[in-house]
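# Architecture and fold: a report
Residue-level listing of the chains:
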Amino acid sequence: MNSRAACALVAAVGVLAGCATPSPPVTTPVERVAPAVVRPAAAPLVESPPLEPVGPAVAPGPGRAAVGAPTVSEPVTQPAVSPATTEPTDEQQLASALSDLQRYGAMNADEIRREQNVITQLLARQHSDFDRIRLAVLHTLAKTAQDDQRAMQLLDSVVKNSPGSVAAKQLAAVVQVQVAERMRAVRDEQQKADTAIKKLEALRNMERDLLRDRIRSGGGGAGGGGSSGGGGG
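### Section: the overall build of the protein chain
Regarding its fold elements, the protein chain presents six helices and zero strands. Starting at the N terminus, the α and β elements of the protein chain follow one another as α-α-α-α-α-α. Looking at the protein chain residue by residue over its 233 residues, the buried ones come to 17%. A separation of at least 24 residues holds for 52% of the contacts in the protein chain among residues at least 6 apart in sequence. Element-wise, carbon and sulfur atoms account for 60% of the exposed surface of the protein chain, whose accessible area totals about 19100 Å².

The structure is reproduced here in structure tokens:
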């Protein structure tokens, strides 16, 4: 091998050796990163009412609450509401009065007297026209002239009452006509009875007169016949 070839071989080996030898690593500066700190999640804020200063409790005066003392709300009680009372209508009062008048017709004398006392007391408190009609009908059931007059006065006060109840006026007018008719019939019967009594008294007087005349005439004839017979003997 010549020298020139040996030099080329050495140069090639040198190149190969340079390529096979690892070069020192190039270190680049690395920035240090601080570790991340994980913080706990914050709790949600809760609004709270402002705290009031608590002072010493003061004794309450009349109509005042204690200062600093907790106030207790008292239950509010609603006032009791009474059911509204409605006055009966004229039709309802009329129906009630007619029912009572029908009931009175089946009463005896004692029951009528007791009912008169009850209605009289009611009339003194309420001054109701329908009660006046009730009392008037109860008076007519006594069937005396005095009671009929009282009944007519009560009915007349209802008819002439102003303003008054229209239904009561109509009922009083109807009853008044019936009572007037009955009073007229009673008067007619009384007049007929008086006329019959007078006729009977006249007949009795005539009979007494005839009997007296007969006695007188019969007594005189008998006396005359006896005296003539004695003279002939």
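### A word on helix 4 (residues 129-140)
Count 3.6 residues to each turn of an α-helix, and residues three or four apart come out pointing the same way. A rise of 1.5 Å per residue sets the reference length of helix 4, with its 12 residues, at 16 Å; its end C-alpha atoms lie 17 Å apart and thus fit the reference within 8%. Counting buried residues in helix 4 gives 12 out of 12 residues, a clear majority hidden from the surface. Considered for burial, the residues of helix 4 that qualify are D129, F130, D131, R132, I133, R134, L135, A136, V137, L138, H139 and T140. The N-cap of helix 4, judged by a side-chain oxygen 3.3 Å from the amide nitrogen of F130 a few residues on, is S128.

About the thresholds
- Residues numbered from 1 in each chain as written.
- Predicted model: local features only at pLDDT ≥ 70, side-chain atom pairs only at ≥ 80, totals over all residues.
- Heavy atoms only, no water.
- Helix = DSSP H or I, 4+ residues; strand = E, 2+ residues; numbered from the N terminus.
- Buried < 20%, exposed > 50% of the residue type's maximum accessible area, 1.4 Å probe, protein only.
- Contact = heavy atoms within 4.5 Å.
- Areas by Shrake-Rupley, 256 points an atom, 1.4 Å probe, with all protein chains shown as cover.
- Expected span 1.5 Å × (residues − 1).
- Polar contact = N/O pair within 3.5 Å; in protein donor to acceptor, adjacent residues only side chain to side chain.

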